[in-house]
Amino acid sequence: MSNLEATSTEFACAATPEDHIEVLQPREVPLGGARAIEVRRTLPQRNRSLIGAWCFVDHYGPHDVADGGMDVPPHPHTGLQTATWLFSGRVEHRDSGGVHALVRPGELNLMTAGAGICHSEVSVDPESAPVLRGVQLWVALPDTARNSARDFNHFAPEPVSLPGASALVFLGDLVGYRSPVATFTPLLGAQLDLDPRTELALDVDPAFEHGVLCDQGAVSLGGTGLGFGELGYQGPGRTVLPLRNTGDSPARILVLGGVPFREELVLWWNFIGRSHDEIVEFRRRWQDEDEQFGRVSGYQGRLQRLPAPPMPPLRLRPRRPRGR
């Protein structure tokens, strides 16, 4: 997914561990053109840029595909991975690595941009999958991997039954299930569906910080309530992730985690870099149709390439992460 905010803001990314439960409020961002769908963006924010290496969280739906759906033209990425996870609907993915894939609910699609890639995303099958609902996530790549080759992984995890709940673990290790998908930094990604009034105390790695995104129902993290689209944050140092469905109907959450990311980053538009000059060069190459990003074949939308917004009238500066 692309960051389509017309006045794209610089985000100097840093993780800052805290002992209390922090609730990150989403902001609505249009995704697309005249018939844009709205997404709820909880990362990055000025007060918190990352959870582990997770640096971008867009939550969308429920959206009626018949009203136009998702149609994101080919756009670039550098220095990151995109992780697409659907709760309902279908999305067609095409990228300049030659991958043409259908994204389905409960299946991870992980695209590695490395040194440069471009891709498109279009919601499809309005008759058989009329409601689009899901999340688009970005993972920041460490310096040792950010210039790696383009790649794409697909994985459908087996459901794990828990007392009053079920889990789909698509990255990392949780509730005794380990995803086989390799990551460049230690990460966790899982969907949990909670029965009414269910309470869980999940064993987690104390080296991780964790985020809990509420997609459906009424849930709490460590006694702090989370509303629809809100992202709760628990800092490292804890061995348990305390979760509860406080309502009388089923609830659904997404759990994200990882070791705090200590490298300096600059995230602007769809690029992750390490300096202002690097971001400027990425933008120039995309506008010049440089082969660094390749080309998407088969996209039939309104634009063949999404133009980059203008650079802001200031130098982008990375922030030194706390604790370093």
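Residues numbered from 1 in each chain as written. Predicted model: local features only at pLDDT ≥ 70, side-chain atom pairs only at ≥ 80, totals over all residues. Heavy atoms only, no water.

Considering all chains together, one arrives at one cavity of 30 Å³ or more under this definition. Empty space within the largest cavity amounts to approximately 70 Å³. As for the largest cavity, its lining consists of Thr-82, Thr-84, Val-91, His-93, Val-103, Asn-109, Leu-110, Met-111, His-119, Glu-121 and Phe-152. If you list the elements that add at least two residues to the lining of the largest cavity, you get β7 (80-88), β8 (91-95), β10 (108-112) and β11 (117-123). Residue contributions to the lining of the largest cavity peak at three residues, all from β10. (1 Å grid on protein atoms, 1.4 Å probe; cavity = no way out; pocket = protein on both sides within 12 Å on 5 of 7 lines; lining within 4 Å. Points joined across faces, edges and corners; volume = space filled by probe spheres on them. Helix = DSSP H or I, 4+ residues; strand = E, 2+ residues; numbered from the N terminus.)

Bringing the side chain of Arg-48 into the picture now. The residue Arg-48 is located in the loop between β4 (37-43) and β5 (54-64) in this model. A polar contact is formed between the side chain of Arg-48 and the side chain of Glu-22, at a distance of 2.9 Å. (Polar contact = N/O pair within 3.5 Å; in protein donor to acceptor, adjacent residues only side chain to side chain.)

Below, the discussion takes up the pairing of β5. Buried residues dominate β5, accounting for nine of its 11 residues. Bridge count for β4 against β5 is four bridges, and the pairing is antiparallel. Across the sheet, Val-39 pairs through a bridge with Tyr-60, a residue of β5. One ladder, built from eight bridges, connects β5 with strand β12 (residues 131-140); its direction is antiparallel. In the strand pairing of β12, His-59 is matched with Val-135. (Buried < 20%, exposed > 50% of the residue type's maximum accessible area, 1.4 Å probe, protein only. Pairing = 2+ DSSP bridges.)

Time to look at the sheet that holds strand β20 (residues 209-216). The strand order β2-β23-β20-β25-β18-β15-β14 describes an open sheet built from seven strands, whose pairing is antiparallel. Of all strands in the sheet, those with a lone pairing partner are β2 (22-24) and β14 (160-162), marking the two edges. Strand-to-strand, the axes of this sheet are offset by a mean angle of 25°, without reference to chain direction. (Axes fitted to C-alpha atoms, helices over the stretch in contact; angles between N-to-C directions.)

Looking now at the UniProt feature "domain: Pirin N-terminal" (unreviewed entry) in the chain. Summarizing the sequence annotation, UniProt attributes the feature "domain: Pirin N-terminal" (unreviewed entry) to residues 38-139 in the numbering used throughout. A distance of 22 Å separates the end C-alpha atoms of residues 38-139, which is 0% helix and 62% strand. (UniProt positions renumbered as here; feature names shortened; annotations may be inferred.)

Feature annotation in UniProt assigns "domain: Pirin C-terminal" (unreviewed entry) to the following positions: residues 191-288. Segment residues 191-288 splits into 12% helix and 49% strand. End C-alpha atoms: 40 Å apart.

Overall, the coordinates contain seven aromatic pairs when judged by the stated rule. On the basis of an interplanar angle of 25° and a centroid distance of 4.4 Å, the ring pair of Trp-85 and Phe-170 is categorised as stacked. Of the two residues, Trp-85 is situated in strand β7 and Phe-170 in strand β15 (residues 165-171); the sequence distance between them amounts to 85 residues. By the burial criterion, Trp-85 is buried, and Phe-170 matches it. With a centroid separation of 6.0 Å and 35° between ring planes, the pair formed by Phe-271 and Phe-293 is classed as tilted. With Phe-271 in strand β27 (residues 271-273) and Phe-293 in the segment after α1 (276-287), the pair connects residues that are 22 residues apart, well separated along the chain. Judged by relative accessible area, which is 0%, Phe-271 ranks as buried. On the basis of relative accessible area, Phe-293 is assigned to the buried category, the value being 0%. An aromatic cluster of three or more residues is present, and its members are Trp-268, Trp-269, Phe-271, Phe-282, Trp-286 and Phe-293. When the ring centre of Trp-286 is taken as origin, the NZ or CZ atom of Arg-305, which lies over that ring, is 3.6 Å away. (Phe/Tyr/Trp six-rings, centres within 6.5 Å; stacked < 30°, edge-to-face > 60°. Lys NZ or Arg CZ within 6 Å of the ring centre and 35° of its normal.)

Quick look at the pattern of salt bridges now. Using the criterion set out here, one finds 18 salt bridges in the structure. The salt bridge involving Arg-48 is made with Glu-22; its shortest N-O contact spans 2.9 Å. Placement of Arg-48 in the loop between β4 and β5 and of Glu-22 in strand β2 is noted, with a sequence separation of 26 residues between them. What makes Glu-22 buried here is its relative accessible area of 14%. The residue Arg-178 makes a salt bridge to Asp-173 at a minimum N-O spacing of 3.1 Å. Because the salt bridges share partners, they merge into one network encompassing Glu-281, Arg-284, Arg-285 and Asp-288. (Salt bridge = Lys/Arg side-chain N within 4 Å of Asp/Glu carboxyl O.)

Further remarks concern the sheet that holds strand β3 (residues 27-31). The seven strands are arranged β3-β4-β5-β12-β7-β10-β13 in an open sheet whose pairing can be described as antiparallel. Each end of this open sheet is capped by a strand with a single partner; those strands are β3 and β13 (151-155). Here the average twist between neighbouring strands, direction ignored, is 20°.

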